[in-house]
Amino acid sequence: MTGIGVEVGAQAARSRALAVLRIRGRALAVAVLPAAAEVILLTGGSTGHLVGPVWSAARWVVGVLAVAVLLAAAGIALVVARARPAVTPTVPIPEDSAPDLYRLVRDLADRLEVPAPSAIALTPDCDSWLEDRTHPAHGPPPRPVHDELAGPGQGSGFGAHRRAVTAPVLVIGSPFLWWMRVGELRAVLAPVVAGTGPSAHPDIAAARRFVRGLDAAVGVASTPGRCPLTRAVCAAVGWVARLMLRGCREHAALMERGVAAAAAERAQAVDYGLRIVAQEQVGLAYAGWDRLLTRVALPAWRMGRWPARLDAGVVAALTELSRRDRLAEGFASRLGERPACDLLEEPGAVDEAASLLAARLFHGGPAECGPDWAPVDWQTYPEEVVDRTWRADAARLHRVLDSLGVRPTADPAAPEPAGPTLARVLDHLTEPPAQNPPQAADGEHPPQGPPAPDDESRTGGTGGNPIPAEGEAEADPAEDPGTERSAALAAVLTAALAREEAAVPRGATATGQGPDSALWDDGALPLFPLQPPRTARDLLADHVTAMVCCAAVDTAGAAPGLDWLDGPSLLLGGERAADLAPKVLSLIEEGDPGPLRDWLAESGIRPEKPVRLV
């Protein structure tokens, strides 16, 4: 079965695939055109029709041009054919490690009457798709025809060409396996698996190979570090590949849209009602996964620890969301059904591999464990990550204060404390009282003269709102830490943190690369950064908050904790302290320590007591 059938979307996809192949044919025609002209000139000369010095010179010129064009076309075709297409970093799932999952996918393909995927892999993201890995650099040699997963009638033995017998790889988002139930996963995968039908059509497969080859050729041409001659040749190859990509871009996009429409149409007969409910779980899983990565995993990655059970953590995060949010009520009741991760023989090992890959993709961490890159479980997360993060930030804050020459105490006559204190930070960031303006002899304020001419450009002329002068940019409130002392401290703190991060080696070692990791550039890591760089105000607020938390732990019996939705948290008397952030911002932005000091007094935290740092 080719998978095209009578679906309108598949027919549209095939017509667009033919349009892509026509562009390839036109490029070939342009390449052989000088050679064809040379054949005509040689034939005319041999028959006595095109004779004379002019025709003889034309034969030489066109012959040289034809040879040059053919050599260039052969080189470009070789680069397009041999260039390694990009492949998504995934965790491969062999059939012996997940027989139930393979059986579910195979049964789903039988119900849809399409070829089954050639293999299954997991990605640390909330998405699922089919990925063609038929390029020789992407995997092992093709399987024989009797392979169960390939299905009957999909090859002619070991002599069949690889492209004709190997179906795409099914890539599944690992959070889906842990949050979704088995029925929901089958409903979500139905339209994805149905895409193997149109993908098996020769025209669509050839068009996809051509587009992927052009894209890979552009990547090869853009590789830096070559000699000038090689750069010139690669620039020419890249220009031709980009030209053809621009010509087939619209057709390729419409082809993929037609394939998706055909797959959705074919999958309508399989678990349609359940799929509507499962789509709600897709959105919920995406929200929980994003929150878990940015609030929980990222602080651990910055400390050289990677949570080894991220997929299990997303279940805990979504369960916590269902407890807090009335709109999410009812989702926790699903936990009584069989989770899709039960389809794996060793879900813990798979979760660990997916968690390590997530740290590599989203943070750029190494590919293997080491002294500075160790796994951490959720039970030890508060001590291993939260407490160490607070004390490391507090130590950095006091090192910066030392470099600025800030005294340990505001009173020069007072004895120095035995260690770093929170009071030192509070005293330094407190804005000193403003000086009274000068007055006239009779106690009246001196008269105000007219504004200077330059002031009109800033005040709008007559007492209007402040307007920046021409060529002067407005200050970004997110970049302005607040008071003068806060700005100076934040600037030095940002520079110190940048130097520390630059000194930490990033990326994988040669021995830590797996079969998939060798197919993507380690220098480009992280591929998907979670958050933009923190502003100076955010960095200062984080460090001051860390110092407050250290003082709370050491002087008031508080404890570090983990909130599944908000990340590291401070536990006072077993309750989460959720009202600390606005008080810290008041100190930083306004230089007012009153709200924070009041909160410290209510919580029994003594800022004058020394704290333990890393």
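Described in the following lines is the structure provided in the data block.

What counts, and at which threshold
Residues numbered from 1 in each chain as written. Predicted model: local features only at pLDDT ≥ 70, side-chain atom pairs only at ≥ 80, totals over all residues. Heavy atoms only, no water. Helix = DSSP H or I, 4+ residues; strand = E, 2+ residues; numbered from the N terminus. Buried < 20%, exposed > 50% of the residue type's maximum accessible area, 1.4 Å probe, protein only. Areas by Shrake-Rupley, 256 points an atom, 1.4 Å probe, with all protein chains shown as cover. Expected span 1.5 Å × (residues − 1). Arc of directions from axis to C-beta. Contact = heavy atoms within 4.5 Å. Pairing = 2+ DSSP bridges. Axes fitted to C-alpha atoms, helices over the stretch in contact; angles between N-to-C directions. Core = buried A, V, L, I, M, F, W, Y, C linked by side-chain atoms within 4.5 Å. Parallel < 35°, antiparallel > 145°, perpendicular 65-115°, else oblique. Nonpolar A, V, L, I, M, F, W, Y, C, P; charged D, E, K, R; others polar. Salt bridge = Lys/Arg side-chain N within 4 Å of Asp/Glu carboxyl O. Phe/Tyr/Trp six-rings, centres within 6.5 Å; stacked < 30°, edge-to-face > 60°.

**Details of the overall build of the chain**
Regarding its fold elements, the chain presents 19 helices and nine strands. The burial tally for the chain puts 44% of its 614 residues in the buried class. Taken as a whole, the chain presents about 31,200 Å² of accessible surface, with 58% of it coming from carbon and sulfur.

**Some details on helix α16 (residues 484–503)**
Here α16 spans 29 Å end to end across 20 residues, near enough to the 28 Å set by a 1.5 Å rise per residue. Of all the positions in α16, only S486, L489, A490, L493, A496 and L497 are classed as buried. Along the axis of α16, the buried residues cluster in a sector spanning 135°; they form a single face. Exposed side of α16, more than 90 degrees from the buried face: E484, R499, A502 and A503 are the residues found there. Those residues of α16 that are buried are in contact with α13 (381–403), α14 (422–429), α17 (536–556) and α18 (581–590).

**Some points on the sheet that holds strand β4 (residues 169–173)**
Within a sheet, neighbouring strands are paired by backbone hydrogen bonds and run either parallel or antiparallel to one another. Spatial ordering of the open sheet is given by β1-β2-β4-β3, a layout of four strands whose pairing is mixed. Both edges of this open sheet fall to β1 (91–93) and β3 (128–131), since each of them pairs with a single strand only. Adjacent strand axes in the sheet meet at a mean angle of 30°, parallel and antiparallel pairs treated alike. As paired strands, β3 and β4 are joined by four bridges and run antiparallel to one another. Its bridge partner lying in β4, S128 is registered against I172. Sheet strands in contact with helix α3 (residues 99–112) are β1, β2 (119–123) and β4, and its direction is about 115° off that of β2.

**Some details on the nonpolar core**
Counting 111 residues, the largest nonpolar core has L185, V193, W301, L310, V544, L570 and W599 as the members making the most contacts within it. Here W599 is in contact with V548, L570, L572, A577, D579, L580, K583 and I605, once residues within four sequence places are set aside. L21, V80, F210 and L214 belong to the second-largest nonpolar core, a separate cluster that totals 23 residues.

**Considerations on the packing of helix α11 (residues 310–324) against helix α12 (residues 347–363)**
Each pair of packed helices gets described by two things: the angle between the helix axes and the distance between those axes. Where α11 meets α12, the axes come as close as 7 Å, and the angle between the chain directions of the two elements is 90°. As summarised for this structure, α11 and α12 are arranged roughly perpendicular, according to the angle between their axes. Here L310, D311 and A312 of α11 come into contact with α12, specifically with D351, A354, S355 and A358. Split by residue class, the contact of α11 with α12 holds four nonpolar, one polar and two charged.

**Looking at helix α2 (residues 53–82)**
Turn by turn, an α-helix covers 3.6 residues, leaving residues three or four places apart pointing in a common direction. Compared with the 44 Å implied by 1.5 Å per residue over 30 residues, the 43 Å span of α2 between its first and last C-alpha is a close match. Of the residues making up α2, those classed as buried are R59, V62, G63, A66, I76 and V80. Looking at the packing, one finds that the buried side of α2 touches α1 (8–46), α8 (202–221) and α9 (228–267).

**What about the sheet that holds strand β7 (residues 559–563)?**
One open sheet holds the three strands; their spatial order is β7-β8-β9, and the pairing between them is antiparallel. Each of the sheet's edge strands pairs with one partner strand only, and the pair in question is β7 and β9 (575–576). The sheet contact formed by β7 and strand β8 (residues 567–572) spans five bridges and is antiparallel. Bridging from a neighbouring strand, A559 pairs with L571 of β8. The strands touched by α13 are β7 and β8; relative to β7, the strand with the most contacts, the crossing angle is about 110°.

**What to know about the pattern of salt bridges**
If charged atoms from side chains of opposite charge come close, those side chains can pair. Under the criterion given, the structure shown has 25 salt bridges. The salt bridge partner of R391 is D554, with a shortest N-O separation of 2.9 Å. On the criterion of sequence distance, the pair formed by R391 in helix α13 and D554 in helix α17 is long-range, its members being 163 residues apart. We classify R391 as buried; its relative accessible area is 2%. Taking relative accessible area as the criterion, D554 reaches 31% and is therefore assigned partly exposed. Here R396 makes a salt bridge to D393, at a shortest N to O gap of 3.0 Å. Of this pair, R396 and D393 both sit in helix α13, three residues apart, which is roughly one turn of that helix. On the basis of relative accessible area, R396 is assigned to the buried category, the value being 9%. Each of R291, R295, D563, D566 and R576 takes part in a single network of salt bridges with overlapping partners.

**Focus: the side chain of R305**
Mapping R305 onto the fold places it in strand β5 (residues 305–307). In this structure, R305 is in contact with A300, P371, W373, A374, V376, E384, V385 and R388, ignoring residues within four places of it in sequence.

**Considerations on the packing of aromatic side chains**
One pass over the full model with this rule turns up two aromatic pairs. Ring geometry for W378 and Y381: centres 5.8 Å apart, planes at 45°, overall tilted. Exposure class is identical for W378 and Y381. Each is buried. Each ring, one from W378 and one from W564, has its centre 4.9 Å from the other, and the planes form 75°; the classification is edge-to-face. Of the two residues, W378 is situated in the loop between β6 (374–376) and α13 and W564 in the loop between β7 and β8; the sequence distance between them amounts to 186 residues. Comparing W378 with W564 shows no difference in burial state: the two are buried.

**Observations regarding the pairing of β8**
In textbook terms, the turn of a hairpin is the stretch between consecutive antiparallel strands, and for β7 and β8 this stretch comprises three residues. Sheet topology places β8 next to β9; two bridges connect them, and they run antiparallel. Among the inter-strand pairings, L571 is bridged to a residue of β9, identified as R576. Hairpin remark: β8 followed by β9, antiparallel, with two residues in the connecting loop; positive phi at G573, about 60°.

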